[in-house]
Every structure is written in structure tokens, then in C-alpha cells.
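# Summary of structural features
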Number of protein chains: 2
Amino acid sequence: SGSVLASAPGVAAASRAPEPELAHREMARELAYHAEARLGARLLPSAVPAEVAEFRNGAGNAVGSLDVRRGSPGSTIDFMLQSSLHCKVPNGAIDITSLLIFLNASTDAPHFLMELIQGNPTSIVVILDLLPRKDLALHPEYIEKYYENTQLDRQREKIEELPQARPYRSQSLFVRSACSPTAILVSIDCGQGGGSIMDEVLRGQLATAAKELLQIWLDTCADHTSKMEEGEREYMIKRDQMVRSKSIEVDLTSNLPRMFDPDVSSRVIAEIRKAFGVQEA
Amino acid sequence: SGSVLASAPGVAAASRAPEPELAHREMARELAYHAEARLGARLLPSAVPAEVAEFRNGAGNAVGSLDVRRGSPGSTIDFMLQSSLHCKVPNGAIDITSLLIFLNASTDAPHFLMELIQGNPTSIVVILDLLPRKDLALHPEYIEKYYENTQLDRQREKIEELPQARPYRSQSLFVRSACSPTAILVSIDCGQGGGSIMDEVLRGQLATAAKELLQIWLDTCADHTSKMEEGEREYMIKRDQMVRSKSIEVDLTSNLPRMFDPDVSSRVIAEIRKAFGVQEA
């Protein structure tokens, strides 16, 4: 095992325990399988060192995993990133699962992004979006192509109509600005004792919406190269870079150090930065 | 009177009846007074022809008003537009009130926008925003300056916490994309017999939020000229132009022809296009 604790025999057994099974983690894994099957050779083999592929903290209460597969040369794929964090806290556990498939500058098609943040067995925050790569207020044709013609808003509506769903607003105004107008940004709260309802919602409506979004992304974005003028492409690259560095800053790099020892979290963050192609701020 | 029906004696008396008093219209007028007092000589006198300043339809069931004041030369103000539409429908009336203060290209500061759409005495849609003029995903410093430092999100929160408020989503993905991440976009529904609650909310929390937004706008945006590189300014002008033409298309030019006779609505629309500086599509 590449676990950073493999050499500490006393806690090794406990700390080697895999992350617990969770409906939401299972859902993310199924989505990732589906994406991998469809993208095939356009994804290179996994490229993260073992100590980052799976990691733990010294106290034994947190475990995480990270997988990054770069796109093959000539493909539109920049990288596919899966990550999963599990951290026991006094009243339960926090579980964060991410699946990101980002495209490179050969296309202006949106990235795929899913993030699930479960603070307890009966509530979860869901962020599910095709992340736009253009300034939508200047490009109505982009909205039409990727968001209207694909009827993405229907998926959002279905989830928001769930009686357990409330709109979720990121604290970060930047994150809100980076999302599309059809982004699924909800907090699903099933109330005390609602664990089985939560499971149903996750395996039912939420899994369905996530699959449909991924399918739409695979069909309309993943293969799509775009003709762009040079200035347009430069603008997109600058914008992409900003979105990447800000989302790393807001998201993983703020969560990881709170859950893991500094050496572990900085190794993981370095690997994520490498995937995102952004330098430390 | 400049009413288009002034020469039709039969219906003249009825059709000359002013728009009914409404809490929301009163609120918009107070805001406009406040803005005018503060902007003073930076606003030129009203410049709309009498037949557009106030207009009616032939059937006598709809009445509207439009006022446009251009900014004076050398000021940052492009125009201030107030409009009000009242249309009787079988089950009541629709009232739409708008207050827009748009800036010119000497600054990249946000525009002020308020729109109130009341379909019956107990429910209203509120759109209240400082409309960004930059691609926020590329300009976190713009978010910080105009939206974070001004704590605009607090205003949104206060309104969304009202028990009568639900998030409102424009059907138009473009409109959603053009708004800021702190935009107040709510539907306030007070239920059957809730007319007095509605009045309280309008004159209370909503009027307060609208005043605070206007005050923030007057303090941080209205006087603000911006140093920009030429390419930046060109980009902003293109973006502004797109936002202006799309919002006219989505909004007034789709409502007016349904309420007013073609000659009336096209005169009014022509005047709005002139203010916005956009040509017919």
C-alpha cells in the first residue's frame, strides 16, 4: 500500500480500512465507469503516484483517494479527475466526492463537473454542471448550442422540484459566476431519520439526472473541436485558467488541509494543480 | 394630453384614467426621485415625445408610461429609464414597472436595474440587480470590488429569507447569465387574501432592499470612471450591446405588442431602442 501510514503498524489496520460505501460514492463511480468506457483510448492510464492515489491522515480519521487520467495527444480531453474524501467528525462524517472531466483548448465546449458534499446521512449538497468556457452574456449562440438545444434546464427543474431540495448558493460569488444558468446547485435534506429517503433520491432522481448530464456532455461536448479565431482562443485559455485556479483555491485546497496532515494535503494539492495546469498562487 | 386616444371622445374619459396606485409603483417612483435628486444635472431633461410619455390601447384596457432622461455630456450616465405598464386581463390586471439607470463606456461599473412584475394583488416577481459589465469568471477583482466589498449578497439573503419568497428563474437563460451572482430574483407570493401582507412586504423589506441597492450603486458606481485598455473597453462595449439588445428582445418588445395596438407599441419600442442605443434586429 502506498498509504502514508503503512509504516505505523499500530494504527495500520484501522487506517487501511477503505472508505465506507455510500450511495453517492457508488453513483460517482458508475458515472466514471461510463465516461471511461465511452472515452476509451482518449484517456491515458492513471498517472498519480501511489501515495496520492490513496491517502490518510495520521490520526486515522480521514481517508481520501485521487485519480487523474490525462487525455491522449490529439484528443479534446485535458484530464478526468475523480476524488473522494472521507473524514470522521465528532457527530458523524463528511464525505466529498468529485468527478471532473475537463477539455483542452482545441474546443470551447463546456467541462463536465460533479461534486457531492455529504455532511451527514440525511443531507447532501449537489453541484452538477456543464461548466461554460465563454462569457455567456456575449455569446447567446453558445447558450443556445450547449444549454438550450440540449434542454439542460429540464434536468435542473426535475431536481429542484424534489420536495427535499433547496437551492444551494456557494459562499463564493466567483463559483456562482462560473456556473452555467442551468447548473444543478441544490442542498437535499431528508430530515431526521431520512437516511433511506436520501438513498432513494440519490440512486433514483439524482443518479438519473447525473447520467443524463454526462450523456449530454459525451454526445455534444466531448468530441467537439471548435474553430476559433486566435484572439478568441487566447481569451478562452485565460478564462479557463482563472476558473481553474479560483476553483482549486475555493474548493480542494481549502478543504484538504483541514482534513489531512500538511505533508499529505500538499502532495495531493500539488497533484491536483498539475492536472489543472495551474501554479501555486 | 398626448394620449393616442385623445381624439376618440367616446372612450376618452375612461381611457384617460391614470394608472392605478400600487405600492410597487410608488416604491419605484420614490427610488427614481432619490436617484434624480442625487444625479442632479448629470441627467438631461426628459426627452420622450408626449405620445410615448403616456400611451393607451384602443380597447381602453391598457395604459403605460415611459420616461427617458439621457446623461449629460461628460457624465458617466448613459440614460435613466422609467416605465410602467398596466393592463386589465379577465381575472385582474398585470402591472410591470421598470427602473433602469445605465452607464456609458467611460466606466465599467455595473448598471442599476429594477423590474417588478405583478400579476395579481398577492404576488409579484422582483428583479433587482447591479448588472455586471464584465465577464465575472475572468475578473474576480470586479466581483470583489462591486459585489463583495459592497456586501450586496446580504440584501439578497434578506429578501430570500422572507417566508413569502421563492427563487424566480427567468425562462431566458440569457437573462439568467446576464445577472450578477447577488441578483435578487424572487417571486413573492402572499397567497389568497394576502394583499395587505404584500403591501407590507413591498413597503417594508423590499423597499428597503431596493433603496440600499440604489444607494450602493450611487455611492460606488454612478460617479466612477474607469481606466481601461482600448481592447478591454471594446470588449465591454460589445458585451453591453449584446446585453441591451437581448434584454429588449426578451422583455419589453415581447410584452408591449401583447398589451398595446401595433402603432402604439412600435412607437414605444422605438423610443426604448433609442435609449438603449440598439437597432432593430
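Since the structure is predicted, the reported quantities are computational estimates derived from the model, not experimental observations.

## Notes on the sheet that holds strand 8 (residues 184-189) of chain A
All names here are of chain A. With antiparallel pairing, eight strands are arranged side by side in an open sheet as 1-2-3-4-5-6-8-7. Of all strands in the sheet, those with a lone pairing partner are strand 1 (54-56) and strand 7 (165-167), marking the two edges. The sheet shows a mean angle of 15 degrees between the axes of neighbouring strands, taken without regard to direction. Two elements, strand 3 (residues 77-89) and strand 4 (residues 92-103), share twelve bridges in a ladder whose sense is antiparallel. Of the residues in strand 4, the one forming a bridge with Leu-85 is Ile-96.

## Examining the side chain of Asp240(B)
Residue and element names in this part refer to chain B. Mapping Asp-240 onto the fold places it in helix 8 (residues 230-250). Given the relative accessible area of 9%, Asp-240 is considered buried. A distance of 3.2 Å separates polar atoms of two side chains, one belonging to Asp-240 and the other to His-111. With sequence-adjacent residues up to four places away left out, Asp-240 is seen in contact with Leu-103, His-111 and Arg-133.

## Thoughts on the packing of aromatic side chains
Per the counting criterion, the structure on display carries 15 aromatic pairs over all chains. When the centroid spacing of 5.4 Å and the interplanar angle of 45 degrees are considered together, the rings of Phe102(A) and Phe276(A) count as tilted. Here Phe102(A), found in strand 4, pairs with Phe276(A), found in helix 10 (residues 262-276); they are 174 residues apart in sequence, far enough to count as distant. Both residues of the pair, Phe102(A) and Phe276(A), count as buried. With a centroid separation of 6.3 Å and an interplanar angle of 55 degrees, the aromatic rings of Phe112(B) and Trp217(B) are classed as tilted. In this pair, Phe112(B) is assigned in strand 5 (residues 111-120) and Trp217(B) in helix 7 (residues 195-220), connecting sequence segments 105 residues apart. Here the aromatic cluster, defined as three or more aromatic residues joined through ring pairs, consists of Phe79(A), Phe102(A) and Phe276(A). It is Lys246(A) that lies over the ring of Phe174(A); its NZ or CZ is 5.7 Å from the centre.

## Points about the layout of surface pockets
All names here are of chain A. Of the volumes computed, that of the largest pocket is approximately 730 Å³. Forming the boundary of the largest pocket are 36 residues, of which Glu-115, Ile-117, Ile-127, Asp-251 and Asn-255 lie nearest the centre. Elements with a minimum of two residues in the lining of the largest pocket: strand 4, strand 5 (111-120), strand 6 (123-131), helix 6 (173-178), helix 8 (230-250) and helix 9 (252-259).

## Quick word on the confidence of the model for chain A
Across chain A, the average pLDDT comes to 89, with 93% of residues at 70 or higher. Of the regions scoring below 50 in pLDDT, residues 1-15 of chain A engages in 17 contacts with residues more than four places distant in sequence or in other chains.

## Regarding the packing of helix 8 of chain A against helix 10 of chain A
Residue and element names in this part refer to chain A. At a minimum axis distance of 10 Å, the contact between helix 8 and helix 10 shows a crossing angle of 160 degrees. Our classification of the angle between helix 8 and helix 10 gives roughly antiparallel. Where helix 8 crosses over helix 10, the two elements pack in a sense that is right-handed. Only Ile-272, Arg-273, Ala-275 and Phe-276 of helix 10 make contact with helix 8, whose side of the interface consists of Arg-244, Ser-247 and Ile-248. When the residues that make up the contact of helix 8 with helix 10 are grouped by side-chain class, the tally is four nonpolar, one polar and two charged.

## What about the side chain of Asp153(A)?
Residue position: Asp153(A) is located in helix 5 (residues 152-160). Within the structure, Asp153(A) has its side chain in polar contact with the side chain of Arg156(A) (distance 2.7 Å). If sequence neighbours within four positions are ignored, Asp153(A) has contacts with Tyr147(A), Pro181(A), Thr182(A), Leu173(B) and Arg176(B).

## Observations concerning the pattern of salt bridges
Proximity of charged atoms lets side chains of opposite charge pair with each other. Residue and element names in this part refer to chain A. Taken as a whole and judged by the stated rule, the model has 40 salt bridges over all chains. Put simply, Lys-134 and Glu-232 hold a salt bridge, and the shortest N to O gap is 2.7 Å. Of the two residues, Lys-134 sits in the loop between strand 6 and helix 4 (140-148) while Glu-232 sits in helix 8, which places them 98 residues apart along the sequence. Judged by its relative accessible area of 7%, Lys-134 falls in the buried class.

## Some details on the relation of the copies chain B and chain A
The two copies are related by a screw operation: chain B maps onto chain A through 180 degrees of rotation and 0.0 Å of translation along the axis, at an RMSD of 0.0 Å. Here the symmetry operator amounts to a two-fold rotation axis. Of the C-alpha atoms belonging to chain B, the one lying closest to the rotation axis is found on Asp135(B), 2.8 Å away.

## Examining unusual backbone geometry
Despite not being glycine, Gln151(A) shows a phi value in the positive range, around 55 degrees. One can find Gln151(A) in the loop between helix 4 and helix 5.

## Structural notes on empty space enclosed by the protein
If you walk through the whole model with that rule in mind, you get one cavity of 30 Å³ or more. Considering only enclosed or pocket space, the largest cavity measures out at about 700 Å³ in volume. If you trace the largest cavity, you find 36 residues lining it, with Arg176(A), Pro181(A), Arg176(B), Ser180(B) and Pro181(B) closest to the centre. Those elements that provide at least two residues to the lining of the largest cavity are helix 5 and helix 6 of chain A together with helix 5 (152-160) and helix 6 (173-178) of chain B. When residues in the lining of the largest cavity are grouped by element, the largest group, three residues, is from helix 6 of chain B. Classifying every residue of the lining of the largest cavity gives 18 nonpolar, five polar and 13 charged.

Scoring rules and cut-offs
- Residues numbered from 1 in each chain as written.
- Chains lettered and ligands numbered in written order.
- Predicted model: local features only at pLDDT ≥ 70, side-chain atom pairs only at ≥ 80, totals over all residues.
- Heavy atoms only, no water.
- Pairing = 2+ DSSP bridges.
- Helix = DSSP H or I, 4+ residues; strand = E, 2+ residues; numbered from the N terminus.
- Axes fitted to C-alpha atoms, helices over the stretch in contact; angles between N-to-C directions.
- Buried < 20%, exposed > 50% of the residue type's maximum accessible area, 1.4 Å probe, protein only.
- Polar contact = N/O pair within 3.5 Å; in protein donor to acceptor, adjacent residues only side chain to side chain.
- Contact = heavy atoms within 4.5 Å.
- Phe/Tyr/Trp six-rings, centres within 6.5 Å; stacked < 30°, edge-to-face > 60°.
- Lys NZ or Arg CZ within 6 Å of the ring centre and 35° of its normal.
- 1 Å grid on protein atoms, 1.4 Å probe; cavity = no way out; pocket = protein on both sides within 12 Å on 5 of 7 lines; lining within 4 Å.
- Points joined across faces, edges and corners; volume = space filled by probe spheres on them.
- pLDDT = per-residue confidence, 0-100.
- Parallel < 35°, antiparallel > 145°, perpendicular 65-115°, else oblique.
- Left-handed = near helix turned anticlockwise from the far one by under 90°.
- Nonpolar A, V, L, I, M, F, W, Y, C, P; charged D, E, K, R; others polar.
- Salt bridge = Lys/Arg side-chain N within 4 Å of Asp/Glu carboxyl O.
- Least-squares fit on C-alpha atoms with pLDDT ≥ 70 in both.

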